[in-house]
Amino acid sequence: MARCGDKLLLVAAVLLLGVSSAAAEDRQVNTIQDIFRHLRTCWKPPPAAKARPLDITVVVSFNRSGDILGHPRISYESAEASDNDRLQYRIAVMEALQRCTPMPFTEAMAGAAAGRPFAIQFRSRKAPDKTSPPTQERRA
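Since we're looking at a predicted model, the values are computed, not measured.

Rules behind the numbers
Residues numbered from 1 in each chain as written. Predicted model: local features only at pLDDT ≥ 70, side-chain atom pairs only at ≥ 80, totals over all residues. Heavy atoms only, no water. Phe/Tyr/Trp six-rings, centres within 6.5 Å; stacked < 30°, edge-to-face > 60°. Helix = DSSP H or I, 4+ residues; strand = E, 2+ residues; numbered from the N terminus. Buried < 20%, exposed > 50% of the residue type's maximum accessible area, 1.4 Å probe, protein only. Polar contact = N/O pair within 3.5 Å; in protein donor to acceptor, adjacent residues only side chain to side chain. Core = buried A, V, L, I, M, F, W, Y, C linked by side-chain atoms within 4.5 Å. Contact = heavy atoms within 4.5 Å. Salt bridge = Lys/Arg side-chain N within 4 Å of Asp/Glu carboxyl O. Disulfide = S-S within 2.5 Å. pLDDT = per-residue confidence, 0-100.

Novice: Can you walk me through the packing of aromatic side chains in this structure?
Specialist: Describing an aromatic ring pair means giving the distance of the ring centres and the angle of the ring planes. Counted under the stated rule, the structure contains 4 aromatic pairs. Pairing Trp43 with Phe122 gives two aromatic rings, centres 4.6 Å apart and planes at 45 degrees, and the pair type is tilted. Of this pair, Trp43 sits in the loop between helix H2 (32-42) and strand E1 (55-62) while Phe122 sits in strand E3 (residues 117-123), and the two are 79 residues apart along the sequence. A relative accessible area of 15% means that Trp43 is categorised as buried.

Novice: Looking at this model, I keep getting lost on the environment of Glu77. Mind explaining?
Specialist: Summarising the element assignment, Glu77 is placed in strand E2 (residues 68-78). For Glu77, a relative accessible area of 2% puts it in the buried group. Expressed as a C-alpha distance, the spacing of Glu77 and Phe122, which sit 45 residues apart in the sequence, is 9.7 Å. A polar contact is formed between the side chain of Glu77 and the side chain of Arg86, at a distance of 3.4 Å.

Novice: Explanation requested: unusual backbone geometry in the structure shown.
Specialist: Cis geometry is found at the peptide bond from Thr101 to Pro102, where omega equals 5 degrees. Among the secondary structure elements, Pro102 is positioned in the loop between helix H3 (83-100) and helix H4 (107-113).

Novice: Looking at this model, I keep getting lost on the nonpolar core. Mind explaining?
Specialist: One broad rule of soluble globular proteins: the nonpolar side chains tend to lie buried together. Judged by nonpolar contacts, the single largest core of 27 residues is most densely connected at Ile35, Phe105 and Phe122. Elements supplying a minimum of two residues to this core: H2, E1, H3, H4 and E3. Not counting the four nearest positions on each side in its chain, Phe105 is found in contact with Gln28, Val29, Ile35, Phe62, Asn63, Arg64, Gly66, Ala110 and Ala113.

Novice: Explanation requested: the pattern of salt bridges in the structure shown.
Specialist: It is possible for side chains bearing opposite charge to pair when their charged atoms get close. Following the criterion strictly, the structure yields 7 salt bridges and no others. The partner of Arg86 in a salt bridge is Glu77, with the nearest N and O atoms 3.4 Å apart. The exposure class of Arg86 is buried, given its relative accessible area of 7%. With its nearest N and O atoms 3.5 Å apart, the salt bridge here joins Arg86 to Asp83. Of this pair, Arg86 and Asp83 both sit in helix H3, 3 residues apart, which is roughly one turn of the helix. By relative accessible area, which is 64% here, Asp83 ends up exposed. Among the charged side chains, a salt-bridge network with shared partners connects Glu77, Asp83, Arg86 and Arg90.

Novice: Where do I start with the state of the cysteines in this structure?
Specialist: A disulfide bridge is the covalent bond that connects two cysteines by way of their sulfur atoms. Under the counting rule described, the total for this entry stands at 1 disulfide. Between the sulfur of Cys42 and that of Cys100 lies a disulfide, 1.8 Å long from S to S. Between Cys42 and Cys100, the disulfide has an S-S torsion of 95 degrees and is therefore right-handed. Here the residue Cys42 occupies a position in helix H2, and Cys100 occupies one in helix H3, the gap between them amounting to 58 residues.

Novice: Would you mind showing me how to read the confidence of the model for the protein here?
Specialist: When pLDDT is low, close inspection of the predicted coordinates is not appropriate. For the protein, mean pLDDT is 80; residues scoring 70 or higher make up 70% of the total. Per-element averaging of pLDDT across the protein places helix H1 (residues 2-26) at the bottom with 40 and E1 at the top with 97. Low pLDDT, under 50, characterises residues 1-25; the predicted model gives this stretch 2 contacts beyond four residues in sequence or across chains.

Structure follows, in structure tokens:
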């Protein structure tokens with residue numbers, strides 16, 4: 001009987017974790033850090049079969065209602081990336097922005113964020129080893 005109770009407790013814990021992570025995605029964005037957290041929930045890098053891992057940064061602005069204002073602009077991509085890698089990651093970034101917008105701003109954050117550019121880093125590579133030489137960066 002104790003084993004059945006342990007299994008039920010485990011299932012309940014797993015369900016609770018799923019509910020709390022879903023609730024985190026629905027939470028309103030009230031700080032600049034919340035913007036970055038919210039966007040991370042929408043980020044799905046391309047599978048390794050389609051593109052090698054790279055880092056990419058996009059500059060994007062939002063209006064008061066949380067929709068994208070203007071056109072997002074890629075400001076950085078890893079230098080060693082191929083054209084195909086860049087294309088796949090640019091598509092993944094735009095899909096993440098589509099999934100996350102409109103941004104669920106609180107009233108106060110809507111006023112503070114409207115029209116301001118945010119540089120959002122999407123990282124899919126491991127942090128560089130401190131002993132290895134630095135890589136060349138490529139600005140887009």
